[in-house]
Amino acid sequence: MRHLMSPLDFSTEELETLMDLADDMKDHPEKYSESCHGKKLATCFYEPSTRTRLSFEAAMMNLGGNVLGFSSADSSSAAKGESVSDTIRVISSYADICAMRHPKEGAPLVASTHSTIPVINAGDGGHQHPTQTLTDLYTIRSLQGSIGNLTIGLCGDLKFGRTVHSLINALVRYENIKFVLISPEELRVPEYIREDVLDKNNIPYVEVERLEEAMPKLDILYMTRVQRERFFNEEDYLRMKDFYILNSEKMELAKENMMVLHPLPRVNEISVEVDNDPRAAYFKQAQYGVYIRMALIYTLLEVGTC
Amino acid sequence: MLNISGIQEGFVLDHIKAGMSMKIFHDLHLDEADCTVAMIMNVKSNKMGRKDILKVECSIDEMDLDILGYIDHNITVNVIQGNKIVEKRALKLPREIHNVIKCKNPRCITSIEQELEQVFVLTDEENEVYRCKYCEEKYSGK
């Protein structure tokens, strides 16, 4: 039995296989529409997330399976003080696979050590968000043909943005990747990502403050939201949230085949006028997220091997 | 001159930085072990000026000495059998440290989960960097 805690849990070869499966599911949905019949996915979400939860649920339904779960800590036994390890022991007897989001970093890992069913980390605090990373990688591969030989700009909250940390971790394993890290000084990538991931793997990167400065060099621009819930005080949030807004004017500086990705939800960091630009790929990305989650559930449930 | 007799079977930790022996006593959980311990503090040392020594009368196999490598790899471990030193053990950094240091990240699951073991993993041997197994926060309290 396998779990998914970090995008690094899968080798690049395994990821290729997973993405090939997602391609097949995208092209031949009818082939898989009953493949998880009789299986149940538990979505244990200790903090609100419409998108990720619904994406998991849609994925399971597309495979003919059922879903159960909760969508906030208030509506779970955590409100009564139950530990994560106790909760997962109980959930293990109700469902066949579990997707867990938790505000505390490492909570899904704790769950996985006590679980008898596969656990998928659906986001743990500011730490990891591997299925978003799988979505990002799959989107890049689908739209650019392959992952590699790319200059990737990461913009916004790079300090608390777990999607960014997970994505960097995953991308450094591919050939000839360069990063342009675009953020205010207060929200730069954490030291452990710089030291242990970028420096250790000799990955070229620059840190800049101005989005305009970076635009012409980029093959991919990955925008992120400055998340209110990651700040300890409201003042800091209000001061920084509008720092980096992508609009048509800035898009004019970009390459013709550049792609804009965003984990969503967007607040105002991408102007609505950019949505009609053919380089805006963030809504397609959400669709790809369902296919790759289908492939992941199918793989972890070992449906194909039964 | 203070005299403490030798031990038949056990181990002697020498060259402990002066004042650190009590911490090691606790980190090795010697307070919970069924063995006699002599703690000799502030001993004059040519090499160190002052040092501490711990003499422990019990089988070394019952002890998890890995943590000593994390605390101070300059500590000398002498294994005693029949009142004689039969082995000198070299210390190395443990791959994992269990329940000795605590994660200080307020967002870490260890801050709320009941009775969860504190585990730190050696991620960079050269720079002696340990990170929390759960949240990967670097331990900076050494």
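Residues numbered from 1 in each chain as written. Chains lettered and ligands numbered in written order. Predicted model: local features only at pLDDT ≥ 70, side-chain atom pairs only at ≥ 80, totals over all residues.

Observations regarding the sheet that holds strand β2 (residues 36-45) of chain B
Each strand in a sheet pairs with its neighbour through backbone hydrogen bonds, running either in the same direction (parallel) or in the opposite one (antiparallel). All names here are of chain B. Strand order in the open sheet made by the five strands is β2-β3-β1-β4-β5, with antiparallel pairing throughout. Of all the strands in the sheet, just β2 and β5 (84-89) have a single pairing partner and so form its edges. Across this sheet, the average inter-strand angle for adjacent strands is 20°, counted without regard to direction. (Pairing = 2+ DSSP bridges. Helix = DSSP H or I, 4+ residues; strand = E, 2+ residues; numbered from the N terminus. Axes fitted to C-alpha atoms, helices over the stretch in contact; angles between N-to-C directions.)

Some thoughts on the pairing of β2 of chain B
A regular strand places its side chains so that they alternate between the two faces of the sheet. Residue and element names in this part refer to chain B. As judged from the eight bridges shared by β2 and strand β3 (residues 49-57), these two strands associate in the antiparallel manner. Paired with V43 across the strands is K51, a residue of β3. In this antiparallel pair of consecutive strands, β2 and β3, the connection spans three residues.

What to know about the sheet that holds strand β8 (residues 129-132) of chain B
Residues and elements named next belong to chain B. Strand order in this open sheet of three strands is β6-β7-β8, and the pairing throughout is antiparallel. Each end of this open sheet is capped by a strand with a single partner; those strands are β6 (96-98) and β8. Averaged over all adjacent pairs, the angle separating strand axes in this sheet is 30°, with direction ignored. Across four bridges, the pairing between strand β7 (residues 119-124) and β8 is antiparallel. Residue pairing for β8: V121 is matched across the bridge by R131.

As for the packing of helix α6 (residues 130-144) of chain A against helix α12 (residues 282-300) of chain A
All names here are of chain A. Running from N to C, α6 and α12 cross one another at 115°; their axes reach a closest spacing of 8 Å. Between α6 and α12, the crossing angle belongs to the class labelled roughly perpendicular. Taken as a pair, α6 and α12 cross one another with a handedness that is right-handed. Seen from α6, the contacting residues are T131, L134, T135, Y138, T139 and S142; seen from α12, they are K284, Q285, Y288, G289, I292, R293 and L296. Residue composition of the contact of α6 with α12, grouped by class: five nonpolar, six polar and two charged. (Parallel < 35°, antiparallel > 145°, perpendicular 65-115°, else oblique. Left-handed = near helix turned anticlockwise from the far one by under 90°. Contact = placed C-beta atoms within 7 Å. Nonpolar A, V, L, I, M, F, W, Y, C, P; charged D, E, K, R; others polar.)

A short note on helix α1 (residues 12-27) of chain A
Residue and element names in this part refer to chain A. When the terminal C-alpha atoms of α1 are compared, their 22 Å separation across 16 residues agrees well with the 22 Å that a helix rising 1.5 Å per residue should span. Those residues of α1 that sit buried are L15, M19, A22 and M25. All buried residues of α1 project into a common sector of 115° when viewed along the axis, lining one side. Exposed residues on α1 whose side chains face more than 90 degrees from its buried face are E13, D20 and D27. (Expected span 1.5 Å × (residues − 1). Buried ≥ 20, exposed ≤ 12 C-beta atoms within 10 Å, placed from the backbone. Arc of directions from axis to C-beta.)

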